[in-house]
Each structure stands twice: as structure tokens, then as C-alpha cells.
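Letter by letter, the chains look like this.
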Amino acid sequence: MTDYQAAGELLRALAAPMRIAIVTELAAGPKCVHEIVDALDSPQPLISQHLRVLRGAGVVRGDRRGREIAYALTDDHIAHIVADAIHHAGEGH
């Protein structure tokens, strides 16, 4: 896969506003699903669905914590990409 193709896949995975919100939450550190659900006030099945997409794209990874899985970003660059996109959108372009 070329770098352009890989970048396109990453941007497609980040295309949903809820996924952007999840990445923003995970930028502060690993969180379990219930913590993300509480922070974003969204139903657990919806959060889990978006986490599956992000995991499949290599944006997040899951590490088992006893009976729960803590999700974390695979790379700090992803948090910067999302933060820059949010900042750019807020500038009114």
C-alpha cells in the first residue's frame, strides 16, 4: 500500500464525528468502553461499533485490564491530526 493509500484509509476511519470524539478522548490516555460512553454520553453499542472501525484501521489498540479492555491510540500523531482538524474547522474556513 502506498503512503497515499494508507493516509486515505486513516482519513476514512476518522471521517465520522463520533470517531473524532473518541480519538479526542483517548488523546488524554487509555480508557475502557464505559469511560468513553460516559464521557461522550452515547450508547455503548454505538461506541463499540466505532471502536471496531478504529481498531481495524490501526488507529486504536485494546489492552485487557481484567474483565475490561482499555483502548488507547496506537500513535500520538493521530491525536495531533484530529486536534489540528478540529482547530482548523473552528477557524471558520
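Up top is the structure these notes are about.
Residues numbered from 1 in each chain as written. Predicted model: local features only at pLDDT ≥ 70, side-chain atom pairs only at ≥ 80, totals over all residues. Heavy atoms only, no water.

**Digging into a negative patch on the surface**
So, point 1. Residues Glu-35, Asp-38, Asp-41 and Glu-68 make up a contiguous surface patch of negative charge.
So, point 2. With respect to the helices and strands, Glu-68 occurs in strand β3 (residues 68-73).
So, point 3. By relative accessible area, which is 34% here, Glu-68 ends up partly exposed. (Patch = residues over 30% accessible without salt bridge, like charges linked within 9 Å, V, L, I, M, F, W, Y side chains within 5 Å. Areas by Shrake-Rupley, 256 points an atom, 1.4 Å probe, with all protein chains shown as cover. Salt bridge = Lys/Arg side-chain N within 4 Å of Asp/Glu carboxyl O. Lys, Arg positive; Asp, Glu negative; His and termini not counted. Charge placed at Lys NZ, Arg CZ, Asp CG, Glu CD. Helix = DSSP H or I, 4+ residues; strand = E, 2+ residues; numbered from the N terminus. Buried < 20%, exposed > 50% of the residue type's maximum accessible area, 1.4 Å probe, protein only.)

**With respect to helix α5 (residues 76-90)**
So, point 1. Here α5 is 15 residues long and its end C-alpha atoms lie 21 Å apart, about the 21 Å a rise of 1.5 Å per residue gives.
So, point 2. All of the buried residues in α5 are Ile-78, Ala-79 and Val-82. Buried residues in α5, looked at end-on, bunch into an arc of 100 degrees, giving them a common side. In this structure, α5 carries Asp-76, His-77, Asp-84 and His-87 as exposed residues pointing more than 90 degrees from its buried face.
So, point 3. On the buried face of α5, the contacting elements are α1 (3-13), α2 (17-26) and β3.
So, point 4. Just beyond α5, the residue with positive phi is Gly-92, at close to 80 degrees. (Expected span 1.5 Å × (residues − 1). Arc of directions from axis to C-beta. Contact = heavy atoms within 4.5 Å.)

**Quick look at the environment of Ala-28**
So, point 1. Turning to its location among the elements, Ala-28 is positioned in the loop between α2 and β1 (31-32).
So, point 2. Sequence spacing of Ala-28 and Ala-72 is 44 residues, and the spatial spacing of their C-alpha atoms is 9.2 Å.

**Let's talk about the sheet that holds β3**
So, point 1. On the basis of which strands lie adjacent, the open sheet formed by 3 strands has the order β1-β3-β2 and antiparallel pairing. Sheet topology places β1 and β2 (60-65) at the edges, where each strand pairs with a single neighbour.
So, point 2. Sheet topology places β2 next to β3; 6 bridges connect them, and they run antiparallel. Within β3, the position partnered with Asp-63 by the bridge is Ala-70.
So, point 3. Strands in contact with helix α4 (residues 44-56) are β2 and β3; relative to β2, the strand with the most contacts, it is inclined by about 115 degrees. (Pairing = 2+ DSSP bridges. Axes fitted to C-alpha atoms, helices over the stretch in contact; angles between N-to-C directions.)

**Some points on the pairing of β3**
So, point 1. When β1 meets β3, the two strands line up antiparallel, connected through 2 bridges. Looking across to β3, one finds that Cys-32 is bridged to Ala-70.

**A short note on the packing of helix α3 (residues 33-40) against α4**
So, point 1. The N-to-C vectors of α3 and α4 enclose an angle of 115 degrees; their axes lie 9 Å apart at closest approach. Accordingly, the angle class assigned to the pair α3 and α4 is roughly perpendicular. In the packing of α3 onto α4, the handedness of the crossing is right-handed. Mapping the contact onto sequence places Val-33, Ile-36, Val-37 and Leu-40 in α3 and Gln-44, Ile-47, Ser-48 and Leu-51 in α4. (Parallel < 35°, antiparallel > 145°, perpendicular 65-115°, else oblique. Left-handed = near helix turned anticlockwise from the far one by under 90°.)

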